[in-house]
Amino acid sequence: MPALNALAAALLSLLPLAAAKPPPAGLLVPGESLGGLRLGMKPSEVRKAWGSDFGRCRACMNTTWYYNYAVFEPKGAGVEFRGGRVAAIFTLWAPVGWHTTKRLRIGDSETRVAQLYGGLPQIQCGRYNATTIPGAVTTTIYVRDGKVWGFGLSRAAVPVCR
């Protein structure tokens, strides 16, 4: 019985790590949410949703947390805070399984963006483009090498290039 209790305690200690990641297949609801997070959330609300196992960006002007699926691997999602609230949410390095309400998936062809959302403004961000759905909340579809690379949601005043 003591061995079983030790095993149970060891497994329970792993639960916070398992919960401390962005969702494995996050949903982008344009203008509303990304991976279950919404703009304006407090850090405590983000921790409740995605956990406390995140890296902090040291070179960012604003507090930015990175939630990666694996240690030292850049794939996952990020959250930027301004004034103590979520100002931007974005995916990192094309995480598999993320999609929009119209079923646009990371990895889809760039032409599918236009088929589903029509002609949208684009911003050149170095080696990738940011296709935006403007509004009070900016929804961004990141495209690299002709494929959907990621998604973002930000306040209108927050730059979309990451």
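Counting of residues starts from 1 at the beginning of each chain's written sequence and follows it residue by residue. Reporting in this predicted model follows two pLDDT cut-offs: at least 70 for local features of residues, and 80 or more for side-chain atom pairs to be given and counted; totals over whole chains, interfaces and linings ignore these cut-offs and use all residues. Derived side-chain values reflect all non-hydrogen atoms in the structure, with water molecules and hydrogen atoms excluded from consideration.

Engineer: Quick one: what's the story with the sheet that holds strand β1 (residues 27-29), residue by residue and with numbers?
Structural biologist: Pairing between two strands requires that DSSP report at least two bridges joining them. Helical segments are the DSSP runs of H or I of at least four residues, strand segments are the runs of E of at least two, and each set is numbered from the N terminus. Pairing is mixed across the open sheet formed by three strands, whose spatial order is β2-β1-β7. At either end of the open sheet lies a strand with only one pairing partner, and these are β2 (33-34) and β7 (99-100). As paired strands, β1 and β2 are joined by two bridges and run antiparallel to one another. What sits directly across from Val29, in β2, is Ser33.

Engineer: Can you break down the confidence of the model for the chain residue by residue, with the values?
Structural biologist: Parts of the prediction with low pLDDT should not have their coordinates interpreted in detail. The predictor rates its confidence in each residue with pLDDT, a number between 0 and 100. Chain-level statistics for the chain give a pLDDT mean of 88 and a share of 87% at 70 or above. Scored below 50 in pLDDT, residues 1-19 shows three contacts in the model against residues more than four places distant or in partner chains. We call two residues in contact whenever any of their non-hydrogen atoms come within 4.5 Å of each other.

Engineer: Give a description of the environment of Lys102 that names residues and reports values.
Structural biologist: Within the element layout of this structure, Lys102 appears in the loop between β7 and α3 (110-117). Residue Lys102 is classed as partly exposed on the basis of its relative accessible area of 42%. For Lys102 and Leu116, which are 14 residues apart along the polypeptide, the C-alpha to C-alpha distance reads 7.0 Å. Setting aside residues up to four positions removed in sequence, Lys102 forms contacts with Arg112, Leu116 and Tyr117. Three exposure classes are used, based on accessible area relative to the maximum for each residue type with a 1.4 Å probe and protein chains only: buried under 20%, partly exposed in between, and exposed over 50%.

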